[in-house]
Amino acid sequence: MFAIKTYNVISNVGLAVFPKNKYSINGVQEPDALLIRSQNLHRNVLPVSLLAIGRAGAGVNNIPLQKASENGVVVFNAPGANANAVKELIIGILILASRPVIPAIAWTKSLSSGKEADVTLQAEAGKNHYRGTELSGKTIGVIGLGAVGSKVADTARQLGMHVIGYDPYISVEHAWQVTSDIKRATTLKEVLSQSDYVTIHIPYNEQNKNLIGANELLMMKKDAILLNYSRNGIVEEAPVLAALNVGHLAQYWTDFASDELLKHDQVVVTPHLGGTTQEAEDNCAEMVANTLRLYLETGEIEHSVNYPAVRMPFNSPYRLTFLHQNVPNMLGRITTVLADFNINIANMINASKDDFAYTLIDVDAPMNEELYQEFEKKCLAINEIIRVRGIAKPTDEEEA
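None of these values were measured; they are calculated from a predicted model.

(A) The overall build of the protein, seen in detail. Within the protein, the secondary structure is distributed over 15 helices and 16 strands. Principal axes of the C-alpha set define a box for the protein whose edges measure 90 × 50 × 40 Å. For the protein, the residues scored as buried account for 47% of the 400 residues in total. Long-range pairs, those at least 24 residues apart, make up 64% of the contacts in the protein between residues at least 6 apart in sequence. Summing over all exposed atoms, the protein offers an accessible surface of approximately 19,900 Å²; the carbon and sulfur share of this is 50%. Separation of charge centres in the protein, based on 34 positive and 44 negative side chains, amounts to 5 Å.

Next up, the structure:
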């Protein structure tokens, strides 16, 4: 049995991925895996039993990645699972930023004369105070052309907008999703200086921290509208407020609240609504539950943010997995231990990601508990090896 501990409200669609005969949910204090959404784990002590953390969403800034990597805990997320939800929200916000629908509704609700005809006339007479602009023909700059950004870019193009995309780190997979009608900027200045609207869809990391600051705001067109529905910390608040105050920036829309932003009339803050749809929550939970199950049952890694992706057919009766530091001669040292135990290798794969690496080795014969304990002890005597696991190949009944 594997034990899963959940935080926050996890969709039942995701929880249904775990068979009840093989998994217990929130039944033990020392879980094999955590399944979370927004829970902040930075102050938590990761239990020794913990093998994996699954984040039912894209961002992982609420997870201590370095600590997890050093402890041999593989962290998974659900890239792209909420992309459509975020895209639809962005398109809705573009319309609301261009057409003052919300203040117009509030004004209309304030009308009261006691006579229906008078209210109708008042509403008709006041509509010109809420004249907006059309998206068609305007230029939108999309910073980040990943799962969300590529969808936003394509939908904006279908609305008749001119689209400029900027992403120096775009993957081959997402590059194929961006149509040839979308202009690719080679610099941040290029996309900022040409856009009437700028929307940001990149992860938060050290390279992207405060990506949009005072200098970048000066590059933007006067009266441009800025949207940050990516991550907090990518846009510097103080320069944005200054740009709004002097009339350089027209509006700022964001999913990340602060006291200063809430006080400003030209800032609209939504309560982290990006992926908050039933469909997105189901998709995220289901994707990350499947990757957790794959890792726990086979040792294979998919959609991890701190360890490399590794897939290998499980054709042998027993599999050994090694999470270790990415240093020279690790394979040689591991295979030497295998040779010392007279264990024959049937198949093997190794991959690395930054400072850490992962090795799967399938062997010809299963290991009993006593032999495995002795083997694990000798492997962990190698300082660079972080965690060792032994996994028996699931039977046909178990796989079913």
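(B) Representation of the packing of aromatic side chains within the structure. What the rule picks out here adds up to 8 aromatic pairs. Consider the rings of tryptophan 107 and tyrosine 130, whose centres lie 5.7 Å apart with planes at 40°: the pair is tilted. Linking tryptophan 107 in helix α4 (residues 101-110) with tyrosine 130 in the loop between α5 (116-126) and β6 (139-143), this pair joins segments that are 23 residues apart in sequence. What makes tyrosine 130 partly exposed here is its relative accessible area of 24%. An aromatic cluster is present here, built from Phe2, Phe18 and Tyr23 joined pairwise through their rings.

(C) Local environment of the pattern of salt bridges. Inspection of every chain in the model, using the stated rule, returns 15 salt bridges. When the shortest N-O distance is used, the salt bridge between aspartate 362 and arginine 319 registers 2.7 Å. A residue pair is termed long-range when its members are at least 10 positions apart, and aspartate 362 in strand β15 (residues 356-363) and arginine 319 in strand β13 (residues 318-325) qualify at 43 residues. For aspartate 362, a relative accessible area of 1% gives the class buried. Through salt bridges with shared partners, one network takes in Lys22, Arg293 and Glu297.

Rules of the game
Residues numbered from 1 in each chain as written. Predicted model: local features only at pLDDT ≥ 70, side-chain atom pairs only at ≥ 80, totals over all residues. Heavy atoms only, no water. Helix = DSSP H or I, 4+ residues; strand = E, 2+ residues; numbered from the N terminus. Buried < 20%, exposed > 50% of the residue type's maximum accessible area, 1.4 Å probe, protein only. Contact = heavy atoms within 4.5 Å. Areas by Shrake-Rupley, 256 points an atom, 1.4 Å probe, with all protein chains shown as cover. Lys, Arg positive; Asp, Glu negative; His and termini not counted. Charge placed at Lys NZ, Arg CZ, Asp CG, Glu CD. Phe/Tyr/Trp six-rings, centres within 6.5 Å; stacked < 30°, edge-to-face > 60°. Salt bridge = Lys/Arg side-chain N within 4 Å of Asp/Glu carboxyl O.

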